[in-house]
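# A structural walkthrough
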Amino acid sequence: MNTSPGQSLSPEPVTAEIRRSVPDSPGSGTFRSLRKYNYRLWFGGGLISNIGTWMQRTAQDWLVLTQLTHHSATAVGVVMGLQFGPQLLLLPWAGYAADRFDRRRLLMVTQAAMGMLSLALGLLVVTGLVHLWQVYILAFLSGCVTAIDGPARQTFVSDLVGEEHLANAVALNSTSMNSALLVGPSVAGIVIAAVGSGWAILINGASFIAVLGSLFFLRKSELHPSVRAGRARGSLVEGLRYVRSRPDIGAILWMIALIGTFGLNFPIFISTMATRIFHGGASLYGLLYSVMALGTIGGALIAARRKKPNFRLIPLAAATFGIGFVLAAITPNAWLFGAALVLIGISSLTFSNATSSLMQLSTPPVMRGRVMALRLAIGVGGTPIGAPIAGWVADTFGPRWALGVGAAAGFAATAVAIRYRTRRR
């Protein structure tokens, strides 16, 4: 493995490592990363593509829930499991690819592949040839590509802005994703009601042109490429060894596993509440998703103002996440349910952004792709377990009890953080 002079892979507490590796940024302000041309271009292309992504997620869940099944939350959970399961299956190769290969070229391949899969599903729906098993297969293939794309996309941010603006750029990426969440489901609801789910999925396939264009027109001379991993034997598992030597990162990963597996099954939670409890249609489903996005955007903008992440913020966000689910489970109407979703959105974004920034900034660049692949695999790879369970609980006991699963995940993650801090003292 290639490492730069003076670089250490020894275990150190997160905050101590960050203090040494990240100087106080000379720039300030919530949107300071957007002063860089490459990041502005990437942000714009990503925003358009993210809107399309949320349109497809909304349309695909609605397709499975209302057209291909009779309101089966279990089927939606299976689709989510197939879409996110490959994150765990392809963990060693995904992280190594992000550390070993040119991330820009790798992203161009993965983004093009995801666009073609979206177009394939959209055409099947529009032509009336779609069956549930086809959705399952395409969801799995999309998950395989996303597993490779995820670590490369997250670590590519440091190539765009450098180390000193990394935390701000991560937060702005979250703002882009959640601004898209504000727009995408609402637009999808309108498109579904007007012309059907297939056209919303086709729009997503076309949206990948924007992110591919941004990657093509980047100024290569202004990139900040990091040291790449070599072909040394054992490189695929070295990320796991490194994480085992870091109890701080280990605690964060346990928290991510709990919340990612049992708490982030929003398509199941929101769709079942919208249809079974509040007796709404596609428009209400899209609206509730967009309401939650208001909270996530607020959380992202608050995070963007912070110069450095703080570990103490993580258990606070996890506890607030659990409280938000408790409130959502007992709300009597859709308006109060939406208010609870705002709180869930703020806390989930704060948790996600803080864990991502801390893990990237406290990890040597040569190991960063593998560590972030592990984070993604644990956070998203648990969906094949959690989503079917949440769907089964919603089908068997009701949607409100399914929300209780999310609440328990938040409180359990908080307990993990408290235990880690207590043992450190």
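Please read these numbers as outputs of a predicted model, since none were measured by experiment.

### Points about the packing of helix α7 (residues 132-161) against helix α8 (residues 166-195)
At a minimum axis separation of 9 Å, α7 and α8 run at an interaxial angle of 125°. Between α7 and α8, the angle falls in the class oblique. Handedness of the crossing formed by α7 with α8: right-handed. For the pair α7 and α8, contact is made by Val157, Ser158 and Val161 and by Leu166, Ala169, Val170 and Asn173, respectively. Per-class residue counts for the contact of α7 with α8 are five nonpolar, two polar and no charged.

### Here's the deal with the packing of helix α11 (residues 247-262) against helix α14 (residues 313-330)
Orientation of α11 relative to α14, taken along the N-to-C sense of each, is 15°, at an axis distance of 12 Å. Relative to α14, the element α11 lies roughly parallel. Regarding α11 and α14, the two cross each other, and that crossing is left-handed. Contacts between α11 and α14 involve Ile252, Met255 and Ile259 from the former and Ile314, Pro315, Ala318 and Phe321 from the latter. Considered class by class, the residues forming the contact of α11 with α14 number seven nonpolar, no polar and no charged.

### Focus on the packing of aromatic side chains
In total, this model carries nine aromatic pairs according to the counting rule given. Centroid distance tyrosine 39 to phenylalanine 43: 6.1 Å. Interplanar angle 45°. Geometry classified as tilted. A residue pair is termed a helical-turn pair when its members lie 3 or 4 positions apart in one helix, as tyrosine 39 and phenylalanine 43 do in helix α2 (residues 37-68) at four residues. Given the relative accessible area of 18%, phenylalanine 43 is considered buried. Taken together, Phe266, Phe269, Phe321 and Phe325 form an aromatic cluster joined through their ring pairs. Between arginine 57 and the ring centre of tryptophan 54, over which it is positioned, the NZ or CZ distance is 4.6 Å. The residue whose ring lies beneath arginine 219 is tyrosine 37, and the NZ or CZ to ring-centre distance is 3.7 Å.

### Side note on the environment of proline 332
One can find proline 332 in the loop between α14 and α15 (334-361). With 55 residues separating them in the primary sequence, proline 332 and isoleucine 277 have C-alpha atoms 9.0 Å apart. If sequence neighbours within four positions are ignored, proline 332 has contacts with Phe278 and Arg400.

### Side note on the side chain of glutamine 360
The residue glutamine 360 is located in helix α15 in this model. Not counting residues up to four positions away in its chain, the partners in contact with glutamine 360 are Gln154, Thr155, Leu166, Val170, Arg368 and Met372.

### Some details on the pattern of salt bridges
For the structure on display, the rule yields seven salt bridges. Note that arginine 103 and aspartate 99 form a salt bridge whose closest N and O atoms lie 3.9 Å from each other. Under the relative-accessibility criterion, aspartate 99 is labelled buried at 2%. Between arginine 246 and aspartate 248 there is a salt bridge, with the nearest N and O atoms lying 3.1 Å from each other. The exposure class of arginine 246 is buried, given its relative accessible area of 1%. Overall, aspartate 248 belongs to the buried group, its relative accessible area being 3%. What you see here is one network of salt bridges that share partners, running through Asp99, Arg103, Asp159 and Arg370.

The rules we used
Residues numbered from 1 in each chain as written. Predicted model: local features only at pLDDT ≥ 70, side-chain atom pairs only at ≥ 80, totals over all residues. Heavy atoms only, no water. Axes fitted to C-alpha atoms, helices over the stretch in contact; angles between N-to-C directions. Helix = DSSP H or I, 4+ residues; strand = E, 2+ residues; numbered from the N terminus. Parallel < 35°, antiparallel > 145°, perpendicular 65-115°, else oblique. Left-handed = near helix turned anticlockwise from the far one by under 90°. Contact = heavy atoms within 4.5 Å. Nonpolar A, V, L, I, M, F, W, Y, C, P; charged D, E, K, R; others polar. Phe/Tyr/Trp six-rings, centres within 6.5 Å; stacked < 30°, edge-to-face > 60°. Buried < 20%, exposed > 50% of the residue type's maximum accessible area, 1.4 Å probe, protein only. Lys NZ or Arg CZ within 6 Å of the ring centre and 35° of its normal. Salt bridge = Lys/Arg side-chain N within 4 Å of Asp/Glu carboxyl O.

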